[in-house]
Amino acid sequence: MTQSQAKAPQALLAWYEAMGVDEAIGDVPIDRFAPLLLVSSPHVARPERRPSAQSPAQPAVPAARPGDAATLQALQEMVASFEDCALKRTAKTLCFARGSETAKIMLIGEAPGRDEDLQGKPFVGRAGQLLDRMLAAIGLGESQVYITNTVYWRPPGNRTPTPQEVAACAPFLARQIELLNPGILVLLGGAAAKNILGVSEGIMRLRGKWLNYDCGGRSVATLATLHPAYLLRKPEEKRYAWRDLLMVKVALEQQ
């Protein structure tokens, strides 16, 4: 084996890392272009399909209706069978939520990361561990909160979810909030705040003040704050998050 041949695998791995590929999602590689090439090939004869009385056309599968879910468990099962979000095809597991289904406070981030994809729970990586410590500082444990994201599957390479991916999950998230019926909604980061509240302001303009989210005919007190992942990169900004947490603590004591 020549020296260049020996270095080739290392160069390929380095390229994978640069492109955001940090794990294998299957044991066997799949050529996903093969079916497309087969269909588009001009040399493949396409038999004409004619209706048959013996084999009637199958009715279209109705789209998922989150409003039909009467419980959070039923909604999770509905999301697990949902196929119209492209993220599901590249993620390992569904990250629906963690925490208590009777919690008074609900926290929503942007998207699962690598650790979340492996464990099937939101906010279990470094950012999640920081979030747990932040909540513990105001006397809250996992049994007292409910945590989820704006999308339920990890985007490849931890990229930002596209508007289409967020929109695909949005009806389920709205029903999730409605079923939990929290007294307080905390939005972690600018992306979650913008997507849920439908605003354009940045997180520094949104944080530190109570906003409202309309849910099932009632208004939920909502607070936007800095995402724990951002605080890991900018620890000097933790003072702002602490002020927001103190607001949450006071609000919970008044409920």
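Note: the structure precedes this text.
Residues numbered from 1 in each chain as written. Predicted model: local features only at pLDDT ≥ 70, side-chain atom pairs only at ≥ 80, totals over all residues. Heavy atoms only, no water.

Draft legend 1. Examining helix H10 (residues 238-254) more closely. Relative to the 24 Å expected for 17 residues at 1.5 Å per residue, H10 spans 25 Å between its end C-alpha atoms, a close match to the ideal helical length. Of all the residues in H10, the buried ones are Tyr240, Ala241, Asp244, Leu245, Val248, Ala251 and Leu252. Each buried residue of H10 lies within a common arc of 135 degrees when the element is viewed along its axis, so the set occupies one face. Away from its buried face, by an angle of more than 90 degrees, H10 presents the exposed residues Glu253 and Gln254. (Helix = DSSP H or I, 4+ residues; strand = E, 2+ residues; numbered from the N terminus. Expected span 1.5 Å × (residues − 1). Buried < 20%, exposed > 50% of the residue type's maximum accessible area, 1.4 Å probe, protein only. Arc of directions from axis to C-beta.)

Draft legend 2. Focus on the side chain of Arg207. If you trace the backbone, Arg207 turns up in the loop between helix H8 (203-206) and strand S5 (210-215). Residue class for Arg207 comes out buried when judged on its relative accessible area of 14%. A polar atom in the side chain of Arg207 sits 3.4 Å from the backbone oxygen of Tyr240. Ignoring any residue separated from it by four or fewer positions in sequence, one finds Arg207 in contact with Ala224, Thr225, Leu226, Tyr240, Arg243 and Asp244. (Polar contact = N/O pair within 3.5 Å; in protein donor to acceptor, adjacent residues only side chain to side chain. Contact = heavy atoms within 4.5 Å.)

Draft legend 3. How the structure looks around the packing of aromatic side chains. Under the counting rule described, the total for this entry stands at three aromatic pairs. With a centroid separation of 6.2 Å and 85 degrees between ring planes, the pair formed by Tyr152 and Trp153 is classed as edge-to-face. The same class applies to Tyr152 and to Trp153, which are both buried. An aromatic cluster is present here, built from Phe96, Tyr152 and Trp153 joined pairwise through their rings. (Phe/Tyr/Trp six-rings, centres within 6.5 Å; stacked < 30°, edge-to-face > 60°.)

Draft legend 4. Spatial organisation of a nonpolar patch on the surface. On the surface, a cluster of nonpolar side chains totalling about 290 Å² of accessible area is made up of Leu12, Leu13 and Tyr16. Note on placement: Tyr16 falls in helix H1 (residues 3-18). (Patch = residues over 30% accessible without salt bridge, like charges linked within 9 Å, V, L, I, M, F, W, Y side chains within 5 Å. Areas by Shrake-Rupley, 256 points an atom, 1.4 Å probe, with all protein chains shown as cover. Salt bridge = Lys/Arg side-chain N within 4 Å of Asp/Glu carboxyl O.)

Draft legend 5. Geometry of the sheet that holds strand S1 (residues 98-99). Strand order in the open sheet formed by six strands is S1-S3-S2-S4-S6-S5, with mixed pairing between adjacent strands. Two strands lie at the open edges of the sheet, namely S1 and S5, each paired on one side alone. Of the strands in this sheet, strand S2 (105-109), strand S4 (184-188), S5 and strand S6 (218-225) are in contact with helix H7 (residues 190-197), which crosses S4 at around 130 degrees. (Pairing = 2+ DSSP bridges. Axes fitted to C-alpha atoms, helices over the stretch in contact; angles between N-to-C directions.)

Draft legend 6. Spatial organisation of the packing of helix H3 (residues 72-80) against helix H6 (residues 163-180). The geometry of H3 relative to H6 is characterised by a closest axis approach of 10 Å and an angle of 170 degrees between their N-to-C directions. For the element pair H3 / H6, the angle class is roughly antiparallel. Note on packing geometry: the crossing formed by H3 with H6 is left-handed. Residues Leu72, Leu75, Met78 and Val79 of H3 pack against Phe172, Arg175, Gln176, Leu179 and Leu180 of H6. Residue classes in the contact of H3 with H6 are distributed as seven nonpolar, one polar and one charged. (Parallel < 35°, antiparallel > 145°, perpendicular 65-115°, else oblique. Left-handed = near helix turned anticlockwise from the far one by under 90°. Nonpolar A, V, L, I, M, F, W, Y, C, P; charged D, E, K, R; others polar.)

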